Amino acid sequence: MTITVIRKERYTIMAYSKYANKFDFVTVTDRRGLDSSKWDNIPIPNAEVLPGFSHIPMWVADMDFPTAPCVIAAIQARLAASPAMGYFGLKETGFYDAIKKWQFERNGVTIEDDDVISYENSVLGGVSNVIRTYTEEGDPVLLHSPTYIGFTGTVNAAKRKIILSELKQDEEGTYRMDFEDMEKKIVENNIKVAIFCNPHNPTGRVWTPEEIQDYVELMVKHNVKIIADEIWSDFIMEGKHTPTQSVSELAKMNVSAMYACTKTFNLAGLVGAYSIIYDKDTREKCRELAAQTHYNQPNILSVHALVGAYNEGAPYVDELIKVIKSNQQHAYDVIQTWGGLVKTQKPQGTYVMFLDFTEFCEKRGKTMDEVLQKCVSVGVICQDGRPFHGPCHARFNFACPHSSVVEAFDRLTKYVINAEW
(Lines give C-alpha, C1' and ligand atoms only; values in the text may rest on other atoms or scores of the structure.)
Protein backbone atom coordinates (compact mmCIF):
# COMPACT_ATOMS: atom_id res chain seq x y z
CA MET A 1 0.00 0.00 0.00
CA THR A 2 1.31 3.45 -0.93
CA ILE A 3 0.70 6.39 1.39
CA THR A 4 0.80 9.81 -0.25
CA VAL A 5 1.61 12.78 1.94
CA ILE A 6 0.30 16.10 0.60
CA ARG A 7 1.96 19.19 2.02
CA LYS A 8 -0.36 22.03 3.02
CA GLU A 9 1.54 24.65 1.03
CA ARG A 10 1.33 22.54 -2.13
CA TYR A 11 -2.32 21.50 -2.04
CA THR A 12 -3.46 25.02 -1.14
CA ILE A 13 -1.66 26.65 -4.06
CA MET A 14 -2.77 23.97 -6.53
CA ALA A 15 -6.37 24.24 -5.44
CA TYR A 16 -6.47 28.02 -5.69
CA SER A 17 -4.86 28.16 -9.14
CA LYS A 18 -7.32 25.62 -10.51
CA TYR A 19 -10.37 27.73 -9.65
CA ALA A 20 -9.01 31.27 -9.87
CA ASN A 21 -11.23 34.10 -11.11
CA LYS A 22 -14.23 32.08 -12.30
CA PHE A 23 -17.17 33.94 -10.82
CA ASP A 24 -20.85 33.50 -11.68
CA PHE A 25 -22.99 36.46 -10.67
CA VAL A 26 -25.46 35.93 -13.52
CA THR A 27 -27.11 32.50 -13.27
CA VAL A 28 -30.52 32.50 -11.58
CA THR A 29 -30.91 29.32 -9.53
CA ASP A 30 -34.14 28.22 -7.88
CA ARG A 31 -32.81 27.07 -4.50
CA ARG A 32 -36.08 25.69 -3.15
CA GLY A 33 -35.46 22.31 -1.57
CA LEU A 34 -31.71 22.95 -1.41
CA ASP A 35 -31.35 23.81 2.30
CA SER A 36 -32.14 27.49 1.82
CA SER A 37 -34.20 29.33 4.42
CA LYS A 38 -34.39 32.27 2.04
CA TRP A 39 -36.01 30.22 -0.72
CA ASP A 40 -38.00 27.69 1.29
CA ASN A 41 -39.79 30.20 3.52
CA ILE A 42 -41.99 33.26 3.12
CA PRO A 43 -41.59 35.58 6.14
CA ILE A 44 -44.92 37.36 5.66
CA PRO A 45 -47.82 35.63 7.50
CA ASN A 46 -50.60 34.33 5.25
CA ALA A 47 -48.81 35.48 2.10
CA GLU A 48 -48.50 33.24 -0.97
CA VAL A 49 -46.98 33.58 -4.42
CA LEU A 50 -49.74 33.41 -7.02
CA PRO A 51 -49.57 30.84 -9.83
CA GLY A 52 -47.66 32.14 -12.82
CA PHE A 53 -45.10 34.12 -10.84
CA SER A 54 -41.64 32.81 -10.10
CA HIS A 55 -40.10 33.31 -6.67
CA ILE A 56 -37.71 36.24 -6.25
CA PRO A 57 -36.71 36.09 -2.56
CA MET A 58 -35.23 39.42 -1.45
CA TRP A 59 -35.47 39.14 2.31
CA VAL A 60 -33.01 37.40 4.66
CA ALA A 61 -29.45 38.65 4.15
CA ASP A 62 -27.69 35.88 2.33
CA MET A 63 -26.70 35.90 -1.32
CA ASP A 64 -27.99 34.04 -4.36
CA PHE A 65 -24.43 33.73 -5.64
CA PRO A 66 -22.07 30.78 -5.32
CA THR A 67 -19.29 31.42 -2.86
CA ALA A 68 -15.86 32.26 -4.26
CA PRO A 69 -14.19 29.35 -6.06
CA CYS A 70 -11.14 29.73 -3.82
CA VAL A 71 -13.32 28.92 -0.80
CA ILE A 72 -14.57 25.70 -2.35
CA ALA A 73 -11.01 24.89 -3.36
CA ALA A 74 -9.72 25.44 0.17
CA ILE A 75 -12.35 23.12 1.64
CA GLN A 76 -11.76 20.49 -1.01
CA ALA A 77 -8.01 20.72 -0.54
CA ARG A 78 -8.33 20.15 3.20
CA LEU A 79 -10.58 17.14 2.63
CA ALA A 80 -8.18 15.76 0.03
CA ALA A 81 -5.21 16.21 2.34
CA SER A 82 -6.76 14.25 5.22
CA PRO A 83 -10.12 12.63 5.93
CA ALA A 84 -9.51 13.07 9.67
CA MET A 85 -11.47 15.88 11.31
CA GLY A 86 -9.99 15.77 14.80
CA TYR A 87 -8.98 18.50 17.20
CA PHE A 88 -6.73 21.15 15.67
CA GLY A 89 -4.92 24.38 16.37
CA LEU A 90 -6.01 27.64 14.77
CA LYS A 91 -2.49 28.92 14.24
CA GLU A 92 -1.51 25.89 12.17
CA THR A 93 -4.37 26.54 9.72
CA GLY A 94 -3.20 30.07 8.86
CA PHE A 95 -6.30 31.56 10.52
CA TYR A 96 -4.56 34.51 12.19
CA ASP A 97 -2.30 35.34 9.26
CA ALA A 98 -5.26 35.37 6.84
CA ILE A 99 -7.23 37.74 9.07
CA LYS A 100 -4.25 40.08 9.50
CA LYS A 101 -3.69 40.06 5.73
CA TRP A 102 -7.34 40.87 4.98
CA GLN A 103 -7.60 43.59 7.60
CA PHE A 104 -4.44 45.27 6.31
CA GLU A 105 -5.24 45.04 2.61
CA ARG A 106 -8.97 45.90 2.83
CA ASN A 107 -9.12 48.20 5.87
CA GLY A 108 -5.58 49.52 6.30
CA VAL A 109 -5.38 48.03 9.80
CA THR A 110 -2.15 46.48 11.06
CA ILE A 111 -2.60 43.76 13.69
CA GLU A 112 0.73 42.81 15.24
CA ASP A 113 -0.45 40.52 18.04
CA ASP A 114 -2.39 37.34 17.20
CA ASP A 115 -3.79 37.31 20.72
CA VAL A 116 -6.15 40.25 20.06
CA ILE A 117 -8.03 38.00 17.61
CA SER A 118 -10.50 35.45 19.01
CA TYR A 119 -12.58 32.88 17.17
CA GLU A 120 -16.31 33.47 17.64
CA ASN A 121 -18.99 30.98 16.67
CA SER A 122 -20.97 33.91 15.26
CA VAL A 123 -20.96 37.71 15.29
CA LEU A 124 -24.08 37.76 17.44
CA GLY A 125 -22.50 35.22 19.77
CA GLY A 126 -19.61 37.62 20.23
CA VAL A 127 -22.01 40.53 20.75
CA SER A 128 -23.86 38.53 23.40
CA ASN A 129 -20.60 37.67 25.16
CA VAL A 130 -19.61 41.32 25.60
CA ILE A 131 -23.12 42.23 26.76
CA ARG A 132 -23.06 39.47 29.37
CA THR A 133 -19.56 40.44 30.45
CA TYR A 134 -20.43 44.03 31.33
CA THR A 135 -24.12 43.96 32.28
CA GLU A 136 -26.54 42.05 34.47
CA GLU A 137 -30.07 40.86 33.65
CA GLY A 138 -32.39 43.84 33.39
CA ASP A 139 -29.61 46.29 32.51
CA PRO A 140 -30.11 48.58 29.48
CA VAL A 141 -28.23 48.36 26.17
CA LEU A 142 -28.15 51.31 23.76
CA LEU A 143 -28.99 50.69 20.08
CA HIS A 144 -29.81 52.85 17.10
CA SER A 145 -33.21 52.75 15.44
CA PRO A 146 -33.82 51.44 12.78
CA THR A 147 -32.33 48.35 14.39
CA TYR A 148 -31.00 45.10 13.01
CA ILE A 149 -33.39 42.42 14.28
CA GLY A 150 -30.45 40.19 15.25
CA PHE A 151 -29.48 42.76 17.88
CA THR A 152 -33.04 42.86 19.17
CA GLY A 153 -33.16 39.10 19.54
CA THR A 154 -29.72 38.92 21.14
CA VAL A 155 -30.40 41.62 23.73
CA ASN A 156 -33.81 40.17 24.56
CA ALA A 157 -32.40 36.65 24.87
CA ALA A 158 -29.83 37.97 27.35
CA LYS A 159 -32.74 39.45 29.33
CA ARG A 160 -31.39 42.97 28.96
CA LYS A 161 -33.46 46.08 28.23
CA ILE A 162 -33.29 47.78 24.82
CA ILE A 163 -32.91 51.56 24.77
CA LEU A 164 -33.25 53.12 21.32
CA SER A 165 -31.79 56.31 19.93
CA GLU A 166 -33.45 57.11 16.62
CA LEU A 167 -31.34 57.94 13.59
CA LYS A 168 -32.54 61.17 11.98
CA GLN A 169 -32.71 61.77 8.24
CA ASP A 170 -31.40 65.09 6.96
CA GLU A 171 -32.81 67.04 4.00
CA GLU A 172 -31.12 64.67 1.56
CA GLY A 173 -32.47 61.60 3.34
CA THR A 174 -29.10 60.62 4.85
CA TYR A 175 -29.36 58.96 8.24
CA ARG A 176 -27.48 60.77 11.02
CA MET A 177 -26.80 59.95 14.66
CA ASP A 178 -28.53 62.18 17.23
CA PHE A 179 -25.73 62.80 19.73
CA GLU A 180 -27.87 64.90 22.06
CA ASP A 181 -30.46 62.15 22.26
CA MET A 182 -27.83 59.45 22.78
CA GLU A 183 -26.25 61.33 25.67
CA LYS A 184 -29.65 61.93 27.24
CA LYS A 185 -30.50 58.21 27.00
CA ILE A 186 -27.11 57.20 28.43
CA VAL A 187 -27.44 59.44 31.46
CA GLU A 188 -31.12 58.70 32.14
CA ASN A 189 -30.72 54.94 31.87
CA ASN A 190 -27.19 54.48 33.24
CA ILE A 191 -26.13 52.75 30.03
CA LYS A 192 -23.06 50.48 30.31
CA VAL A 193 -22.96 48.91 26.83
CA ALA A 194 -23.84 50.18 23.34
CA ILE A 195 -23.98 48.34 20.02
CA PHE A 196 -22.69 50.18 16.97
CA CYS A 197 -23.46 48.78 13.50
CA ASN A 198 -20.75 49.86 11.05
CA PRO A 199 -21.85 50.00 8.21
CA HIS A 200 -25.41 50.28 9.41
CA ASN A 201 -28.04 47.63 8.76
CA PRO A 202 -30.76 48.22 7.54
CA THR A 203 -30.19 51.81 6.37
CA GLY A 204 -26.93 51.14 4.51
CA ARG A 205 -25.21 54.14 6.08
CA VAL A 206 -21.39 54.16 5.97
CA TRP A 207 -20.22 56.26 8.90
CA THR A 208 -17.46 58.84 8.39
CA PRO A 209 -14.30 58.85 10.55
CA GLU A 210 -15.50 62.08 12.17
CA GLU A 211 -18.88 60.58 13.10
CA ILE A 212 -17.23 57.47 14.52
CA GLN A 213 -14.76 59.55 16.53
CA ASP A 214 -17.58 61.66 17.99
CA TYR A 215 -19.53 58.50 18.85
CA VAL A 216 -16.54 56.90 20.57
CA GLU A 217 -15.76 60.03 22.58
CA LEU A 218 -19.35 60.27 23.78
CA MET A 219 -19.42 56.63 24.87
CA VAL A 220 -16.06 56.78 26.63
CA LYS A 221 -17.04 60.02 28.36
CA HIS A 222 -19.80 58.05 30.09
CA ASN A 223 -17.80 54.82 30.53
CA VAL A 224 -19.94 52.92 28.01
CA LYS A 225 -18.42 49.79 26.46
CA ILE A 226 -18.79 49.73 22.65
CA ILE A 227 -19.55 46.63 20.59
CA ALA A 228 -18.94 47.29 16.89
CA ASP A 229 -20.60 44.89 14.46
CA GLU A 230 -18.52 45.22 11.29
CA ILE A 231 -19.81 42.18 9.40
CA TRP A 232 -20.82 44.44 6.48
CA SER A 233 -17.41 46.13 6.26
CA ASP A 234 -16.57 44.55 2.89
CA PHE A 235 -19.74 45.92 1.24
CA ILE A 236 -18.97 49.58 0.56
CA MET A 237 -20.71 51.23 -2.39
CA GLU A 238 -19.71 54.83 -1.64
CA GLY A 239 -16.76 56.10 0.34
CA LYS A 240 -14.52 53.88 2.43
CA HIS A 241 -15.05 51.68 5.45
CA THR A 242 -13.53 53.07 8.63
CA PRO A 243 -13.05 50.38 11.29
CA THR A 244 -14.41 51.74 14.55
CA GLN A 245 -11.22 50.81 16.42
CA SER A 246 -9.05 52.69 13.92
CA VAL A 247 -10.10 56.28 14.58
CA SER A 248 -8.03 56.75 17.75
CA GLU A 249 -6.18 55.01 20.54
CA LEU A 250 -9.25 55.71 22.67
CA ALA A 251 -11.38 53.73 20.23
CA LYS A 252 -8.84 50.94 19.96
CA MET A 253 -8.97 50.27 23.69
CA ASN A 254 -12.72 50.73 24.22
CA VAL A 255 -14.25 48.91 21.26
CA SER A 256 -14.88 45.18 20.88
CA ALA A 257 -15.15 44.61 17.11
CA MET A 258 -16.92 41.65 15.50
CA TYR A 259 -16.17 40.44 11.97
CA ALA A 260 -16.93 37.45 9.76
CA CYS A 261 -16.29 36.32 6.21
CA THR A 262 -19.70 34.61 6.18
CA LYS A 263 -21.59 37.65 4.87
CA THR A 264 -18.94 38.56 2.31
CA PHE A 265 -18.53 35.07 0.86
CA ASN A 266 -22.05 33.69 1.44
CA LEU A 267 -20.99 31.19 4.10
CA ALA A 268 -23.64 31.73 6.78
CA GLY A 269 -24.47 28.03 6.74
CA LEU A 270 -20.90 27.18 7.71
CA VAL A 271 -20.90 29.63 10.65
CA GLY A 272 -17.75 31.11 12.13
CA ALA A 273 -16.67 34.66 12.96
CA TYR A 274 -13.97 36.44 14.92
CA SER A 275 -13.52 39.33 17.31
CA ILE A 276 -10.73 41.88 17.55
CA ILE A 277 -10.39 43.14 21.10
CA TYR A 278 -7.27 45.09 22.06
CA ASP A 279 -8.19 45.62 25.71
CA LYS A 280 -6.72 42.62 27.52
CA ASP A 281 -9.17 42.71 30.43
CA THR A 282 -12.21 42.69 28.15
CA ARG A 283 -10.72 39.99 25.95
CA GLU A 284 -9.94 37.68 28.84
CA LYS A 285 -13.34 38.17 30.46
CA CYS A 286 -15.12 37.36 27.21
CA ARG A 287 -13.01 34.27 26.63
CA GLU A 288 -13.65 33.08 30.16
CA LEU A 289 -17.39 33.51 29.72
CA ALA A 290 -17.36 31.67 26.37
CA ALA A 291 -15.33 28.83 27.88
CA GLN A 292 -18.02 28.17 30.47
CA THR A 293 -20.36 26.69 27.87
CA HIS A 294 -17.77 25.37 25.36
CA TYR A 295 -19.96 26.73 22.54
CA ASN A 296 -17.14 28.64 20.88
CA GLN A 297 -15.14 25.73 19.46
CA PRO A 298 -13.98 26.35 15.87
CA ASN A 299 -15.13 24.22 12.96
CA ILE A 300 -12.20 23.00 10.90
CA LEU A 301 -13.88 23.43 7.50
CA SER A 302 -15.17 26.90 8.41
CA VAL A 303 -11.65 27.92 9.36
CA HIS A 304 -10.18 26.63 6.09
CA ALA A 305 -12.98 28.42 4.23
CA LEU A 306 -11.99 31.70 5.91
CA VAL A 307 -8.32 31.15 5.12
CA GLY A 308 -9.15 30.45 1.47
CA ALA A 309 -11.48 33.46 1.28
CA TYR A 310 -9.14 35.96 2.89
CA ASN A 311 -5.98 34.80 1.12
CA GLU A 312 -7.39 34.58 -2.41
CA GLY A 313 -10.87 36.06 -2.44
CA ALA A 314 -10.26 39.78 -3.03
CA PRO A 315 -10.97 39.64 -6.82
CA TYR A 316 -14.28 37.92 -6.10
CA VAL A 317 -15.33 40.65 -3.68
CA ASP A 318 -14.28 43.43 -6.05
CA GLU A 319 -16.49 41.99 -8.82
CA LEU A 320 -19.32 41.27 -6.37
CA ILE A 321 -19.45 44.91 -5.24
CA LYS A 322 -19.88 46.06 -8.86
CA VAL A 323 -22.89 43.74 -9.29
CA ILE A 324 -24.58 44.83 -6.07
CA LYS A 325 -23.95 48.50 -6.77
CA SER A 326 -25.56 48.10 -10.19
CA ASN A 327 -28.52 46.29 -8.64
CA GLN A 328 -29.10 48.98 -6.04
CA GLN A 329 -28.74 51.75 -8.60
CA HIS A 330 -31.34 50.13 -10.85
CA ALA A 331 -33.80 49.77 -7.98
CA TYR A 332 -33.18 53.34 -6.83
CA ASP A 333 -33.75 54.69 -10.35
CA VAL A 334 -37.03 52.76 -10.68
CA ILE A 335 -38.22 54.00 -7.28
CA GLN A 336 -37.67 57.59 -8.44
CA THR A 337 -40.30 56.99 -11.15
CA TRP A 338 -42.93 56.13 -8.53
CA GLY A 339 -43.88 59.76 -7.92
CA GLY A 340 -42.60 59.99 -4.37
CA LEU A 341 -44.91 57.22 -3.16
CA VAL A 342 -41.94 55.24 -1.81
CA LYS A 343 -38.87 56.85 -0.29
CA THR A 344 -35.42 55.43 0.28
CA GLN A 345 -31.79 56.38 0.62
CA LYS A 346 -29.42 54.82 -1.89
CA PRO A 347 -27.22 52.69 0.36
CA GLN A 348 -23.61 53.70 0.84
CA GLY A 349 -22.90 50.20 2.10
CA THR A 350 -24.39 46.71 2.70
CA TYR A 351 -26.47 44.92 0.06
CA VAL A 352 -29.84 45.81 1.56
CA MET A 353 -32.13 48.80 1.08
CA PHE A 354 -34.78 50.14 3.48
CA LEU A 355 -37.91 51.31 1.65
CA ASP A 356 -40.44 53.66 3.28
CA PHE A 357 -44.01 53.02 2.06
CA THR A 358 -45.67 55.62 4.33
CA GLU A 359 -46.77 57.92 1.49
CA PHE A 360 -48.01 55.00 -0.58
CA CYS A 361 -50.10 53.60 2.25
CA GLU A 362 -51.60 56.97 3.11
CA LYS A 363 -52.49 57.92 -0.47
CA ARG A 364 -53.73 54.48 -1.51
CA GLY A 365 -55.49 53.63 1.73
CA LYS A 366 -53.41 50.49 2.28
CA THR A 367 -51.90 48.94 5.37
CA MET A 368 -48.32 47.73 5.46
CA ASP A 369 -49.61 44.17 5.86
CA GLU A 370 -51.50 44.55 2.60
CA VAL A 371 -48.45 45.97 0.82
CA LEU A 372 -46.24 43.10 1.96
CA GLN A 373 -48.79 40.48 0.96
CA LYS A 374 -49.23 42.13 -2.44
CA CYS A 375 -45.47 42.09 -3.04
CA VAL A 376 -45.30 38.40 -2.16
CA SER A 377 -48.31 37.59 -4.35
CA VAL A 378 -46.31 38.61 -7.43
CA GLY A 379 -43.26 36.70 -6.26
CA VAL A 380 -41.26 39.58 -4.77
CA ILE A 381 -40.55 38.32 -1.26
CA CYS A 382 -39.20 41.15 0.87
CA GLN A 383 -38.88 41.58 4.65
CA ASP A 384 -41.23 43.42 6.97
CA GLY A 385 -39.43 46.54 8.20
CA ARG A 386 -41.43 46.92 11.41
CA PRO A 387 -39.26 44.54 13.47
CA PHE A 388 -36.38 46.83 12.43
CA HIS A 389 -38.42 49.74 13.87
CA GLY A 390 -39.42 51.04 10.46
CA PRO A 391 -43.17 51.67 11.00
CA CYS A 392 -44.13 51.48 7.32
CA HIS A 393 -40.99 50.00 5.80
CA ALA A 394 -39.67 46.93 4.01
CA ARG A 395 -36.10 45.70 3.68
CA PHE A 396 -34.92 44.46 0.28
CA ASN A 397 -31.82 42.32 -0.40
CA PHE A 398 -29.92 42.98 -3.66
CA ALA A 399 -27.37 40.17 -3.51
CA CYS A 400 -28.85 38.37 -6.51
CA PRO A 401 -28.40 38.38 -10.29
CA HIS A 402 -29.18 41.70 -11.97
CA SER A 403 -31.92 40.10 -14.06
CA SER A 404 -33.77 39.17 -10.86
CA VAL A 405 -33.68 42.78 -9.65
CA VAL A 406 -34.96 44.06 -13.00
CA GLU A 407 -37.80 41.54 -12.99
CA ALA A 408 -38.68 42.22 -9.35
CA PHE A 409 -38.94 45.98 -9.78
CA ASP A 410 -40.84 45.62 -13.06
CA ARG A 411 -43.41 43.57 -11.12
CA LEU A 412 -43.55 46.07 -8.25
CA THR A 413 -44.10 48.91 -10.71
CA LYS A 414 -46.79 47.09 -12.69
CA TYR A 415 -48.68 45.19 -10.00
CA VAL A 416 -48.11 47.11 -6.75
CA ILE A 417 -47.38 50.79 -7.43
CA ASN A 418 -49.31 51.50 -10.65
CA ALA A 419 -52.15 48.96 -10.29
CA GLU A 420 -55.56 49.24 -8.68
CA TRP A 421 -55.92 46.55 -6.04
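Shown above is the structure to which this text applies.
First, a word on scope: everything that follows refers to the structure included in this document.

## Quick look at the sheet that holds strand E3 (residues 140-145)
1) Next: An order of E2-E10-E9-E8-E7-E3-E4 is seen for the 7 strands of this open sheet, with the pairing classed as mixed. In the strand order of this sheet, the two ends are held by strand E2 (117-120) and strand E4 (161-166), each with one partner. Each strand axis lies, on average, 25° off the axis of its neighbour in the sheet, ignoring direction.
2) Next: Pairing analysis gives 4 bridges linking strand E8 (residues 225-229) to strand E9 (residues 255-259), with the strands arranged parallel. Looking across to E9, one finds that Ile-227 is bridged to Ser-256.

## Structural notes on the packing of helix H6 (residues 123-134) against helix H7 (residues 149-157)
The geometry of a pair of packed helices is captured by two quantities: the angle between their axes and the separation between those axes.
1) Next: In the contact formed by H6 and H7, the axes pass within 10 Å of each other and the chain directions differ by 40°. Relative to H7, the element H6 is oriented oblique. Our pair here, H6 against H7, has a crossing hand that is right-handed. Contact residues: Leu-124, Val-127, Ser-128, Ile-131 and Arg-132 in H6; Gly-150, Phe-151, Thr-154, Val-155 and Ala-157 in H7.
2) Next: Residues that form the contact of H6 with H7 fall into these classes: 6 nonpolar, 3 polar and 1 charged.

## Considering the pattern of salt bridges
1) Next: Counted under the stated rule, the structure contains 27 salt bridges.
2) Next: Salt-bridge contacts for Lys-184 lead to Glu-188; the nearest nitrogen and oxygen are separated by 2.9 Å. Here Lys-184 and its partner Glu-188 are both found in helix H8 (residues 179-189), 4 residues apart, which amounts to about one turn of the helix.
3) Next: When its relative accessible area of 46% is taken as the criterion, Lys-184 is described as partly exposed.
4) Next: With relative accessibility at 53%, the residue Glu-188 sits in the exposed group.
5) Next: Taken together, the shared-partner salt bridges connect Arg-31, Lys-38, Asp-62 and Asp-64 into one network.

What counts as what
- Residues numbered from 1 in each chain as written.
- Predicted model: local features only at pLDDT ≥ 70, side-chain atom pairs only at ≥ 80, totals over all residues.
- Heavy atoms only, no water.
- Pairing = 2+ DSSP bridges.
- Helix = DSSP H or I, 4+ residues; strand = E, 2+ residues; numbered from the N terminus.
- Axes fitted to C-alpha atoms, helices over the stretch in contact; angles between N-to-C directions.
- Parallel < 35°, antiparallel > 145°, perpendicular 65-115°, else oblique.
- Left-handed = near helix turned anticlockwise from the far one by under 90°.
- Contact = heavy atoms within 4.5 Å.
- Nonpolar A, V, L, I, M, F, W, Y, C, P; charged D, E, K, R; others polar.
- Salt bridge = Lys/Arg side-chain N within 4 Å of Asp/Glu carboxyl O.
- Buried < 20%, exposed > 50% of the residue type's maximum accessible area, 1.4 Å probe, protein only.

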